[in-house]
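Each chain, written out:
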Amino acid sequence: MTAPLPLTILGGYLGAGKTRLVNRLLRDAGGRRIAVLVNDFGDLAVDADLIEAEGDDLIALAGGCVCCSYGDDLTTAIATLRALPAPPDVLLLEASGVAMPGAIGAAAGLMPGVTLAGIAVLADATRLPALLADRYLADTIERQVQAADLLLVTKSDLTDPAPTEAALARAAPGVPVAPVDAATPALVLARHAARPRPETRHAARHLTRLLPADAPTDPDALARDLAADPRVTRAKGCLIDLSGHPRLLQLVGTDYEITAAPPGAALGVVTISVPI
Amino acid sequence: MTITLYPARKIVTMNPARPHATHVAVRDGVILGAGTKAELSGWGEMRVDARFADKVLMPGLIEGHCHLMEGALWAKTYTGFFDRTDPEGVTHPGCRDIDAVIDRLRAGLARAPGAPLPGWGLDPIYFGNTRVTRADLDRVSGTVPVGVMHASGHIMNLNTPALEAAGLLREGINHPGVPLGDDGLPTGELKGPDVMTPAGAHVGFDRDMLACDAPGMRAFGKLCVRAGVTTATDLAARLNEEAVQTMLRVTAEPDYPARVVCHRFHHGVTPEELIAQVEDLRDRSTDMCRMGRIKVIMDGSIQGFSARLRAPGYFNGAPNGLWYITPEHLRTILTEAFARDLQVHTHTNGDEATQLLIETMTDILSERPAADHRLTVQHCQLADRAQLARLAGLGACVNLFANHHFYWGDEHYRLTVGPERAERMNAARTALDLGLTVGIHSDAPITPLAPLFTAWAAETRLTASGRVQGAHERITRAEALWAITMGAAHTLRIEQEVGSIEAGKRADFAVLDDDPETADDLRDVGIWGTVQGGRPFEAAAL
């Protein structure tokens, strides 16, 4: 019996940017063999230059990745993937626009050979506040974002993301929010338990942000910036300092301390702040 | 070409200009006319076929919402509460308690010892609403996997070996559709397609629950003959190329007795692909296999608490149901379909789904009217008067789930929507008064394929416990008989070809032993069989 495959669910409403993110993750896979699961190929436009060969329900992609349509039958699709000569390292399931990622996650928990790594839900900064106020869709969008353990804000280049961040803080308090640019394969495909996250659920209306820490950073400088920001009330997370050592940053109000990071800690700093 | 003249005790034509006749003349599968022998003699020499001399003829009945899988299901063991007749004409008595269910399943197991045993039709609501557990089904077998689908299609029960085979007999399961017992293990009840479908594969259920193979289609044809049905729908089909070929091949068999109208459902393809595929299928249609129609599934079911309801929501406080399509995709599909004159039927159970449909149609049709689109709102169970009035104004038709009054009416009253809305569910009277074309349906296999029963259900609105639920929404016998012939034909846009016995239409008849206009109870009307395209099919000779 081989180890179960970690499954990350990528949710979010129609047009939130799921397909764009999937293509970027495939491009940046860095040797990980990612299997992308879509309800049907009609749902996902994989960039043509990534495609190496197309079959009926399996598309071979560059770098050993595959894209698989599962129709109504996720179990069989996953068994097929596990039986490949070079099985994938991780599964990335793109949920359709009105699907409930939490329900898919619960169903995945029943499947042999799969373990749920996490649920990332995308929020389109140009639409999310309106969707959360839509008479037909509000409860669907709420259920989607509440099921997430990571919220990724997209299209911030088109509009100010602050209203979306505030709306997410109200709808899904305590779930870390990060810009989609921070969504590296390491972050999105990481097991939920290994992701930086707040230790406690905070009161509604507080913003929970995830600051990526991919590049070496001066921890003191970052901590000073956070301490100087009157909105930030707490911060905790790991980063690599300028000499290449992992460091743990912990901040409450304006007090902070920087210590050696525990071994194996995921990189990234979660901040809790009051809204603007 | 030979002309056949059928004298009958009575012919109920559904042609308002000539509602009754004694004779019908047929040539080459087409009706020359209905009237007296003298009137019809002008057509020339005729062969008189007196086999229906003591029968009553009606237009062949049309089931406007069912699924061919009913035919395939009879390969599995029926465990329902009500008597039900299989394609071979054998009536399986209802299982009145759990012991009867166990006995029935044991008999099924004895026919194929050792093979995983699928059953269907279970309805523990009628056993005092007790929960069925794996311990119950372990009495059928402690070693062979056994699984039984409930009548509603929303719950499945497994025994212990089946749970083991599905990898579910373990602690630590955390899923709302898998209730756990005091021992921390699943009780054996599975709720919802995402848990039922993978588990069902271990007890002999096809993963594509709506699929129907050629033997299943032939069995379905026999059920049609027994029910007096000459045109039936396959209202939610994937219609991949293999399925299309099977449909075309089987319906072209010389003794296939039913015209099948298939709707391609919207799942699994983009709206653009859907439109392109359905346009192609329209061109490949035959008289016996009508394709080129779209089914859009908007929400779930009321008894599964997955229909989208407006305030005040579910009577028992259950959270609102699920959307199965985004409003954007709905808009795209309707816009493109209206522009191409492709007919759309929508699965629209809850009144919030109905409202979204109304508003979307209003937007699209205000911009670009579509002549005679006849979008048909299927189920439409909770629509109120105001919604039905708007649907009438939009040129829509409704096909109401009249059988629900009988099978789940008491549950709707008590649990799902409460007394007030239960009494106005499937508002056929209101819809007719507002000028809507009304069909009524069985959704077979959810309830049995039997339009005369469905007409009875709309006429009486009796629940299984014997209450009249919503007397003000009852329709007359004549209106109910219209609904299962011309009404259904109109919703399928085939009313110029079928649905009445009059000159130029297909020679499709339901051949009845009794007069449906005067029978005390429509359910008791005996059915000899059908004539389809001029070909007689006797149920007893199938």
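Not measured: the values here are computed from a predicted model.

Definitions and limits used
Residues numbered from 1 in each chain as written. Chains lettered and ligands numbered in written order. Predicted model: local features only at pLDDT ≥ 70, side-chain atom pairs only at ≥ 80, totals over all residues. Heavy atoms only, no water. Pairing = 2+ DSSP bridges. Helix = DSSP H or I, 4+ residues; strand = E, 2+ residues; numbered from the N terminus. Axes fitted to C-alpha atoms, helices over the stretch in contact; angles between N-to-C directions. Contact = heavy atoms within 4.5 Å. pLDDT = per-residue confidence, 0-100. Domains from an automatic or database assignment. Buried area = accessible area lost by both parts, 1.4 Å probe. Salt bridge = Lys/Arg side-chain N within 4 Å of Asp/Glu carboxyl O. Polar contact = N/O pair within 3.5 Å; in protein donor to acceptor, adjacent residues only side chain to side chain. Buried < 20%, exposed > 50% of the residue type's maximum accessible area, 1.4 Å probe, protein only. Phe/Tyr/Trp six-rings, centres within 6.5 Å; stacked < 30°, edge-to-face > 60°. Lys NZ or Arg CZ within 6 Å of the ring centre and 35° of its normal. Core = buried A, V, L, I, M, F, W, Y, C linked by side-chain atoms within 4.5 Å. Nonpolar A, V, L, I, M, F, W, Y, C, P; charged D, E, K, R; others polar.

K.L.:
Whenever I open this one, the sheet that holds strand 19 (residues 397-400) of chain B confuses me. Can you help?
P.N.:
Within a sheet, adjacent strands bond to each other through the backbone by hydrogen bonds, running parallel or antiparallel. Residue and element names in this part refer to chain B. Taken in spatial order, the eight strands line up as 6-14-15-16-17-18-19-20 in an open sheet, and their pairing is parallel. Strands at the two margins of the open sheet, each flanked by one partner only, are strand 6 (61-63) and strand 20 (438-440). Ignoring strand direction, the axes of neighbouring strands in this sheet form an average angle of 25°. One ladder, built from three bridges, connects strand 19 with strand 20; its direction is parallel. From the neighbouring strand, Val398 faces strand 20, where its bridge partner is Val438. Helix 8 (residues 241-251) rests against strand 14 (229-237), strand 15 (259-265) and strand 16 (289-297) of the sheet, and its axis sits at about 140° to strand 16. Sheet strands in contact with helix 16 (residues 451-460) are strand 6, strand 14 and strand 20, and its direction is about 115° off that of strand 20.

K.L.:
Is there a simple way to explain the sheet that holds strand 13 (residues 189-191) of chain B in this structure?
P.N.:
Residues and elements named next belong to chain B. The five strands lie next to each other as 7-10-11-12-13, forming an open sheet whose pairing is mixed. At either end of the open sheet lies a strand with only one pairing partner, and these are strand 7 (77-78) and strand 13. Set on the sheet, helix 6 (residues 193-200) makes contact with strand 11 (146-150), strand 12 (155-158) and strand 13; between it and strand 13 the angle comes to about 125°.

K.L.:
Please clarify how the confidence of the model for chain B should be interpreted in this entry.
P.N.:
Should pLDDT be low for a region, the predicted coordinates there are not to be read in detail. Across chain B, pLDDT averages 95, with 99% of residues at or above 70. What the predictor reports for the complex is a pTM of 0.91 with an ipTM of 0.87.

K.L.:
For this particular structure, what's the right way to read the domain arrangement of chain A?
P.N.:
Interface size, as often reported, equals the accessible area lost upon joining of the parts. All names here are of chain A. The assigned domain composition of chain A is domain 1 (5-195) and domain 2 (202-276). On a C-alpha basis, the centres of domain 1 and domain 2 stand 26 Å from each other. For the domain 1 face of the interface with domain 2, the top three residues by lost area are Glu165, Ala169 and Arg170, together amounting to 31%. Along the contact surface separating domain 1 from domain 2 lie one salt bridge. A salt bridge links Glu165 to Arg209; the nearest nitrogen and oxygen atoms lie 2.5 Å apart. On inspection of domain 1 and its partner domain 2, the count reaches three residue pairs in polar contact (both at pLDDT 80 or more).

K.L.:
Got a minute to help me understand the pairing of strand 5 (residues 66-69) of chain A in this structure?
P.N.:
The side chains of a regular strand alternate, first on one face of the sheet and then on the other. All names here are of chain A. Side chains Val66 and Cys68 project from strand 5 onto one buried face, and the interleaved Cys67 and Ser69 project onto a second face that is buried too. Across four bridges, strand 2 (residues 34-38) lies against strand 5 in parallel orientation. Across the sheet, Ala35 pairs through a bridge with Val66, a residue of strand 5. Pairing of strand 4 (residues 58-61) with strand 5 involves three bridges; the strand directions are antiparallel. Paired with Ala60 across the strands is Val66, a residue of strand 5. Between strand 4 and strand 5, which pair antiparallel in sequence order, lie four residues; one of them, Gly63, sits at a positive phi of approximately 70°.

K.L.:
Whenever I open this one, the pairing of strand 11 of chain B confuses me. Can you help?
P.N.:
Residues and elements named next belong to chain B. Among the five residues in strand 11, five count as buried, and that is most of the element. The pairing of strand 10 (residues 117-122) with strand 11 spans four bridges and is classified as parallel. Within strand 11, the position partnered with Pro118 by the bridge is Gly147. Linkage of strand 11 to strand 12, two consecutive antiparallel strands, is achieved through a turn of four residues, within which Gly153 is found at a positive phi near 80°.

K.L.:
What is the right way to read the packing of aromatic side chains from this model?
P.N.:
The description of two aromatic rings rests on the distance between their centres and on the angle between their planes. Residues and elements named next belong to chain B. Applying the stated rule across the entire model yields 20 aromatic pairs over all chains. With a centroid separation of 5.7 Å and an interplanar angle of 70°, the aromatic rings of Phe406 and Trp456 are classed as edge-to-face. Placement of the pair is Phe406 in helix 13 (residues 403-416) and Trp456 in helix 16, with a sequence separation of 50 residues. Ring pairs connect the aromatic residues Phe81, Phe82, Tyr126, Phe127, Phe406, Tyr407, Trp408, Phe453 and Trp456, which therefore count as one cluster. The ring centre of Trp456 lies 3.7 Å from the NZ or CZ of Arg523, which sits over that ring.

K.L.:
What is the right way to read the domain arrangement of chain B from this model?
P.N.:
Residue and element names in this part refer to chain B. Here the domain parsing of chain B yields domain 1 (77-203) and domain 2 (214-531). Its C-alpha centre places domain 1 at a distance of 29 Å from the equivalent point of domain 2. Listed by partner, the interface residues are 15 residues for domain 1 and 17 residues for domain 2. Between domain 1 and domain 2 lies a buried interface of about 1,300 Å² when both sides are counted; carbon and sulfur atoms form 57% of it.

K.L.:
Quick question: what am I supposed to make of the nonpolar core here?
P.N.:
The tendency in soluble globular proteins is for nonpolar side chains to be buried as a group. If you look at the biggest cluster of nonpolar residues, it comprises 173 residues, and the most contacted ones within it are A:Leu37, B:Ile294 and B:Val398. Discounting residues that sit within four places of it in the chain, B:Val398 has contacts with B:Thr376, B:Val377, B:Cys380, B:Leu388, B:Leu391, B:Ala431, B:Leu436, B:Thr437, B:Val438, B:Gly439 and B:Thr491. Of all hydrophobic cores here, the second largest spans 31 residues; its members include A:Val22, A:Leu25, A:Val38 and A:Leu92.

K.L.:
Just to check I follow, could you spell out the interface of chain A and chain B for this structure?
P.N.:
If you look at the interface, chain A gives 25 residues, while chain B gives 31 residues. The largest per-residue losses of area from chain A upon contact with chain B belong to A:Val98, A:Leu110 and A:Tyr136, which jointly make up 31% of the total buried on that side. Linking chain A to chain B there are three salt bridges. With a closest N to O distance of 2.8 Å, A:Asp139 and B:Arg308 form a salt bridge. Split by residue class, the side of chain A that touches chain B holds 10 nonpolar, seven polar and eight charged.

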